[in-house]
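Survey of secondary and tertiary structure
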Amino acid sequence: MFFILCHTQLIKLSTTFTLKQIPPYFRQNHTATLLNLKPLNSEISYYMRNGLVKEAQHVFDQMPHTNTVTWNTMIRGYFQNGQFKQALSMFDEMPYCDIFSYNTTICGLMQFGEADKAKQIFNQMPHRDIVTWNSMISGYFRNGLVDEALWFFDRTPSKNVVSWNLVIMGLVNYGKLDLAEQFFKAMGIRDIASWTTMVSGLASAGQMVQARELFDEMPDKDIKAWNTIMAGYIENGYVEIAEVLFQKMPEWNLDSFNKLINGLVKNRRVNDALRVFHDMPEKCRRSWNSIFMGLLGNKLVRESHAFLEKHPFNDIVSQTNLVIGYFEVGEVNTAVKLFELIPNKDSTLWNATIFGLGENDQGEEGLKLFIKMKEVGPDVDESTFTSVLMISSYLPTLNLGKQIHSEATKKGFNSFVSVSNAMITMYSRCGSMDSALLGFCLMRIRDTVSWNSIICGFAHQGNGEKAFEMFEEMILTDNKPNQITFIGVLSACSHAGLVEKGKYYFNLMRTKFSLQPSMEHYTCFVDLLGKSGLINEAMGLLGEIRKDGVEVPASVYGALLGACRIHKNIEAGEIAGLRVLDMEPYNAGVYMILAEMYLNSGNREDAEKIWVRMKENGVKKQPGCSWIEVNNIGYVFLAGDSSHPEFDRIYRVVELMHVEMVKYSMCKSVYNLFSIT
């Protein structure tokens, strides 16, 4: 009795003393005493769950008294919000750690890849429970350390079903299915999760017969197990069986409907997906979005539009995707009309429309929309400038691109990697490699696209040595070359006629960087071999490609045809040209090259056959086109066109230039003649 009385009095005295130090906000909450910290701990937990770390820290700092739960809540919250260093620091400062403190910290460290540090804390623990051991097993699997996870599992003193499930799931995730089956068979007690994990693993490996047998053996099945086997059939292309299973299911949830709808959409059975969607007792955005995006993915844009109008999940995101869909199928006018009808346009919609116009060869309209966006639309952003700079790279004048680059720099958007990449591409395509290189050198952060842009730029401008130099610099960085990188490098080899170097890079791509050549690479390589006169070697390469069951596209045969034209190889040129015309019967350029080759070899009869074939197919030669910029105005000229208002004056100047060039040529010949004598 004496102890109880004294203890109660001490609590009252302590409470009276600390309440004076508590800020007014907390003083109002009379439950927040030494006897009850739960409200404040709950408040910290609420702030941390919602990402309000500073607010949680403020509550913690203002608390006159804390307990272990308070510290654990802060540690867990820091981990939840990606601040593992602060979490670890708080763990080190804890006056007393319970087992929950240790387990929370181990889980958090494993989540951030700090497996060694987690093991150090594990070794420091005075006592461990099954959660501790399971956290280590799970953490090692999370970080790809399979052997370490199995080592800990073997030494776990009292394994429970969770321990076994973690190992089986980890092995399944890393493709070690045989070993996972061994552990599954060795389990004493299995729960539904054990069975479902193995069914999922077998299905992912394509072993649907074994997966179904295991599923049928399950003593109990929940909705997740049914969804897993159904998803397995869908992933392996057995949608019809999945439909039958769906009908046999004792109950459905949203995931059941979503999986079946996704499977039907992926198999282009959109009408059946719509039927299932209409049968759903409660419609959800995810299912609706699967059908909508499935329709768009199958280029059924008008059907997508109708579906959008009929259902309630119509929002700016869906409308933007629909605009993009119309651009992708080439219905530019419809896309623009839809854009104009949307009432509340956000920056994403504006950017998508500007980009779509540029991709459909209507760059000038895209630039007009860019100007309109600055006048009446939302603020321009990095995506806007990226699209507009890419459009500028196709214009006949560099002046506008420079202005847009200057504006992007003034607004600070040049710090975005995507904007700088577009700027490099723009200057490269317009032939201003000094400006492109300057922009590249000024970039603080570069990605693979940055390197590709400058390498391909130098290659396109015929500066192979500089392209190779940039490539060698690239492989010394963290940015690894991809297929586009090697297209640039091989293109540079082709421009410079460096056959051995081209072979070196072609093999380097496959051996060192494990990149499979695409048809673009073969096109560059065939072009390189052909231009160097190695026509037979190029033909042999095409034969190897066909032996592998890969169909050679028109672009590769076109490269070979160009080489045969240069080296007057009529036989190979005829094979290449006719192959191109089989695939592209309306390619006017190929008709002209073949006819020219026949005529130059004295074979007028075959040349006339080509002209007849060209006429029968209704193919007309596209006129040559060139342009020039004078006083910031671009002038476009077409071959055979005399509609320009200054045509007569321009023609006289060109004739005068021709006369001067002939005079110069004659003078040079006479000079050379006297030099010899």
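Preceding this section is the structure that the text describes.
Residues numbered from 1 in each chain as written. Predicted model: local features only at pLDDT ≥ 70, side-chain atom pairs only at ≥ 80, totals over all residues. Heavy atoms only, no water.

With that settled, consider the overall build of the protein. Helix and strand content of the protein: 39 helices and two strands. On C-alpha atoms alone, the protein measures out to a radius of gyration of 35 Å, which is more than a quarter above the 26 Å that the 2.2 N^0.38 rule sets for 677 residues. On the principal axes, the C-alpha backbone points of the protein span a range of 130 × 65 × 60 Å. Carbon and sulfur atoms make up 54% of the accessible area of the protein, which totals about 37800 Å². (Helix = DSSP H or I, 4+ residues; strand = E, 2+ residues; numbered from the N terminus. Rg over C-alpha atoms; globule rule 2.2 N^0.38 Å. Areas by Shrake-Rupley, 256 points an atom, 1.4 Å probe, with all protein chains shown as cover.)

Moving on, we come to the pattern of salt bridges. What the rule picks out here adds up to 17 salt bridges. The shortest N-O distance in the salt bridge between Lys259 and Asp255 comes to 3.8 Å. With Lys259 and Asp255 both in helix α17 (residues 254-266), this residue pair falls four residues apart, about one helical turn. Between Glu469 and Lys466 there is a salt bridge, and its shortest N-O distance comes to 3.2 Å. Here Glu469 and its partner Lys466 are both found in helix α30 (residues 464-474), three residues apart, which amounts to about one turn of the helix. Classification of Glu469 by relative accessible area gives partly exposed; the value is 37%. The class of Lys466 is partly exposed, set by a relative accessible area of 22%. (Salt bridge = Lys/Arg side-chain N within 4 Å of Asp/Glu carboxyl O. Buried < 20%, exposed > 50% of the residue type's maximum accessible area, 1.4 Å probe, protein only.)

Of the pockets and cavities examined, the largest pocket occupies roughly 470 Å³. In terms of lining, the largest pocket is formed by 15 residues, of which the most central are Thr425, Arg429, Asn452, Ser453 and Cys456. The set of elements that each furnish at least two residues to the lining of the largest pocket consists of α25 (382-392), α27 (417-429) and α29 (448-460). Of the residues belonging to the lining of the largest pocket, the class tally is five nonpolar, nine polar and one charged. (1 Å grid on protein atoms, 1.4 Å probe; cavity = no way out; pocket = protein on both sides within 12 Å on 5 of 7 lines; lining within 4 Å. Points joined across faces, edges and corners; volume = space filled by probe spheres on them. Nonpolar A, V, L, I, M, F, W, Y, C, P; charged D, E, K, R; others polar.)

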